[in-house]
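In case you want the letters, here they are:
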Amino acid sequence: MNQELIYLDNNATTKLDPRVLEAMMPFLTNQYGNAASNHEFGVAINQYVKEARANIAELIGCDDHEIIFTSGATESINLAIKGIAESNQGKGKHIVTVVTEHPAVLDTCRHLERQGYEITYLPVGPDGLLDMHNVGQSIREDTILVSVMLVNNEIGVIQRIEEIAEIAHAKGAFFMTDATQAVGKIPVLVNHLGIDLMSFSGHKFYGPKGVGALYVRSKRPNKAKLNALIHGGGHEKGLRSGTLNVPGIVGMGQAAWIARKEMQADAQRIGKIRDYIEKELLQIDHAFLNGHSNQRLYNVTNICFEDADADAMIIDLKDIMVSNGSACSSTSVEPSHVLMALGLTERQGFSSLRISLGRFNTQQEAVIAVKSIKEIVTNLRLMNV
Ligand SMILES: Cc1ncc(COP(=O)(O)O)c(C=O)c1O
């Protein structure tokens, strides 16, 4: 890959932290044992899994046994929503979620609709935030689950999770949050926030791809009882069978440990770079910010440059990597469902760029990116006339 690459797409995935790779290496080479084996080799490997689980539990303030390892947030989301739906059919078949959720949540809900469940998709305001009154109104006697993402992957807005969890609990529903873009970047403490189920992925906070976790509350009054999706050897308390991905889990554990130590410093540094980029880019004529300007994560900005096609910008930006929507659906020719939910026109949606920063970005990179984007927007607009 090109040495000069400027990677500004950290919400899609982050670079593996070299310290994480170092921690993983033994488990990709001579420490290859199965963590479930009861011989000495297996027991020794399992100690490292335990340590990783403890680091991740500490990052989100839960007990070690409340962490279920999966292949990533998508699987965690499927396990949480389908698992709760199946095990709570006796109570009801209604779920509440939000139009701006990640496709992993929305498609899982659509699947359940085909199985006879009823889903309420709450709208958001032009700033991307939920109206608490709407949340309260949407929950019924037969509502089993309210699922609201913590940080939006496209615009970075942060929903008022604590309040939403309280509303859900007052009406007897479980509260789940997809915190894939939040864990490792901001403090997310499940007990403090009243979360019963929470999905996240290692590769969004400098860990490896292909590993994630689901937090499942084990304590009353909102002890979450789930049915498994994947059956087999009974790993992960029977909720996720299959030989544990030891290198991935150790890597995610190391990433969690680093995040706990460095989160605050990272946030301050990255936030300054993001603010610089945003201030500069919003000086361009007919450019505006998508989503709430304050109640959002420090690492992302999503800007509409009217009459400049985002796909063309991405091509012209060459070695500068940015995004025009959710990476997971970026092969689609539809405008972003998140931007449509904010009330943008299709044309504005197709003219919006997401810049998402991470631990390894520098101010120097930001200066280069800003200059290039300014030039490209001007050129594209000249080509329109
Ligand atoms: C908010 C959110 N949820 C879920 C996912 C899915 O994560 P993974 O692809 O690691 O399963 C992503 C990935 O972009 C995301 O941003």
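Residues numbered from 1 in each chain as written. Predicted model: local features only at pLDDT ≥ 70, side-chain atom pairs only at ≥ 80, totals over all residues. Heavy atoms only, no water.

1. Brief notes about the overall build of the chain
- Broken down by element type, the chain carries 12 helices and 12 strands.
- Taken against the 2.2 N^0.38 rule, which gives 21 Å for 385 residues, the C-alpha radius of gyration of the chain at 21 Å falls within 12% of a compact globule.
- Judged by the C-alpha coordinates and their principal axes, the chain covers about 70 × 55 × 35 Å.
- Across the 385 residues that make up the chain, the buried fraction comes to 56%.
- The contacts of the chain with a sequence gap of at least 6 include a subset with a gap of at least 24, amounting to 74%.
- Summed over all atoms, the accessible surface of the chain reaches about 16700 Å², with 52% contributed by carbon and sulfur.
- Charged side chains of the chain number 36 positive and 43 negative; the gap between the two group centres comes to 4 Å. (Helix = DSSP H or I, 4+ residues; strand = E, 2+ residues; numbered from the N terminus. Rg over C-alpha atoms; globule rule 2.2 N^0.38 Å. Buried < 20%, exposed > 50% of the residue type's maximum accessible area, 1.4 Å probe, protein only. Contact = heavy atoms within 4.5 Å. Areas by Shrake-Rupley, 256 points an atom, 1.4 Å probe, with all protein chains shown as cover. Lys, Arg positive; Asp, Glu negative; His and termini not counted. Charge placed at Lys NZ, Arg CZ, Asp CG, Glu CD.)

2. Comments concerning helix α1 (residues 18–28)
- Three or more residues of α1 are buried, namely Val20, Met24 and Phe27. Seen end-on, α1 carries its buried residues on one side only, within an arc spanning 40°. Away from its buried face, by an angle of more than 90 degrees, α1 presents the exposed residues Pro18 and Glu22.
- Residues of α1 that are buried make contact with α2 (40–60) and α8 (246–281).
- Among the residues of α1, the N-terminal cap falls to Asp17, whose side-chain oxygen and the backbone nitrogen of Arg19 are separated by 2.9 Å. (Arc of directions from axis to C-beta. Polar contact = N/O pair within 3.5 Å; in protein donor to acceptor, adjacent residues only side chain to side chain.)

3. Considering unusual backbone geometry
- Of note, Asp307 is a non-glycine position whose phi angle comes to about 65°, a positive value.
- Tracing the chain through its elements places Asp307 in the loop between β10 (300–305) and α9 (310–316).
- A residue is classified by how much of its surface remains accessible, and Asp307, at 38% relative accessible area, is partly exposed.
- The phi dihedral of Lys318 falls on the positive side, at around 50°, and the residue is not glycine.
- Within the fold, Lys318 resides in the loop between α9 and β11 (320–321).
- On the accessibility criterion, Lys318 (64% relative accessible area) is exposed.

4. Here's the deal with helix α4 (residues 103–114)
- Here α4 spans 16 Å end to end across 12 residues, near enough to the 16 Å set by a 1.5 Å rise per residue.
- Residues Pro103, Ala104, Val105, Leu106, Thr108, Cys109 and Leu112 constitute the buried set of α4.
- Looking at the buried positions of α4, the neighbouring elements they touch are α3 (73–87), β3 (94–98), β4 (118–122), β5 (143–147), β6 (174–178) and α10 (337–341).
- Remark: Gly116 follows α4 within two positions and exhibits a positive phi of approximately 100°. (Expected span 1.5 Å × (residues − 1).)

5. Concerning the sheet that holds strand β12 (residues 352–356)
- One open sheet accounts for 3 strands, arranged β9-β10-β12; its pairing is antiparallel. Lying at the two open borders of the sheet, with one neighbouring strand each, are β9 (287–289) and β12. Across the sheet, the axes of successive neighbouring strands diverge by a mean angle of 25°, strand direction being ignored.
- Here β10 pairs with β12 via 5 bridges, running antiparallel. (Pairing = 2+ DSSP bridges. Axes fitted to C-alpha atoms, helices over the stretch in contact; angles between N-to-C directions.)

6. Comments concerning the side chain of Glu101
- Tracing the backbone through its elements, the reader meets Glu101 in the loop between β3 and α4.
- Buried within the structure, Glu101 lacks any salt-bridge partner; Arg110 is the closest side chain of opposite charge, at an N-O distance of 11 Å.
- For Glu101, the side chain forms a polar contact with the main-chain nitrogen of Met149, separated by 2.6 Å.
- Setting aside its immediate chain neighbours within four residues, Glu101 contacts Leu106, Ser147, Val148, Met149, Asp178 and His337. (Salt bridge = Lys/Arg side-chain N within 4 Å of Asp/Glu carboxyl O.)

7. A few points about the site of the ligand
- Near the ligand, the surroundings consist of 14 residues, among which Thr74, Asp178, Ser201, His203 and Lys204 are the closest.
- Note that an oxygen atom of the ligand is positioned 3.3 Å from one of the backbone N or O atoms of Ala73.
- Between the ligand and the protein, one listed contact pairs an oxygen atom with a side-chain N or O atom of Lys204 at 2.6 Å.
- The fraction of the free accessible surface of the ligand (400 Å²) that becomes covered by protein chains is 89%.
- Per-class residue counts for the shell around the ligand are 4 nonpolar, 8 polar and 2 charged. (Near = heavy atom within 4 Å. Nonpolar A, V, L, I, M, F, W, Y, C, P; charged D, E, K, R; others polar.)

8. Side note on the domain arrangement of the chain
- Domain assignment breaks the chain into domain 1 (6–14 + 263–384) and domain 2 (18–257).
- Here the C-alpha centre of domain 2 lies 28 Å away from the C-alpha centre of domain 1.
- Across the boundary between the two partners, domain 1 contributes 29 residues, which contact 36 residues of domain 2.
- For the pair domain 1 and domain 2, the summed buried area comes to about 2800 Å², and 57% of that belongs to carbon and sulfur atoms.
- At the boundary of domain 1 and domain 2, one finds 0 salt bridges.
- Counting the contacts that link domain 1 with domain 2 gives 17 residue pairs in polar contact (both at pLDDT 80 or more).
- Of all the secondary-structure elements, those providing two or more residues to the side of domain 1 that touches domain 2 are α8, β10 and α10.
- Ranked by residues supplied to the side of domain 1 that touches domain 2, first place goes to α10 with 4 residues.
- The class makeup of the residues in the side of domain 1 that touches domain 2 is 12 nonpolar, 14 polar and 3 charged. (Domains from an automatic or database assignment. Buried area = accessible area lost by both parts, 1.4 Å probe.)

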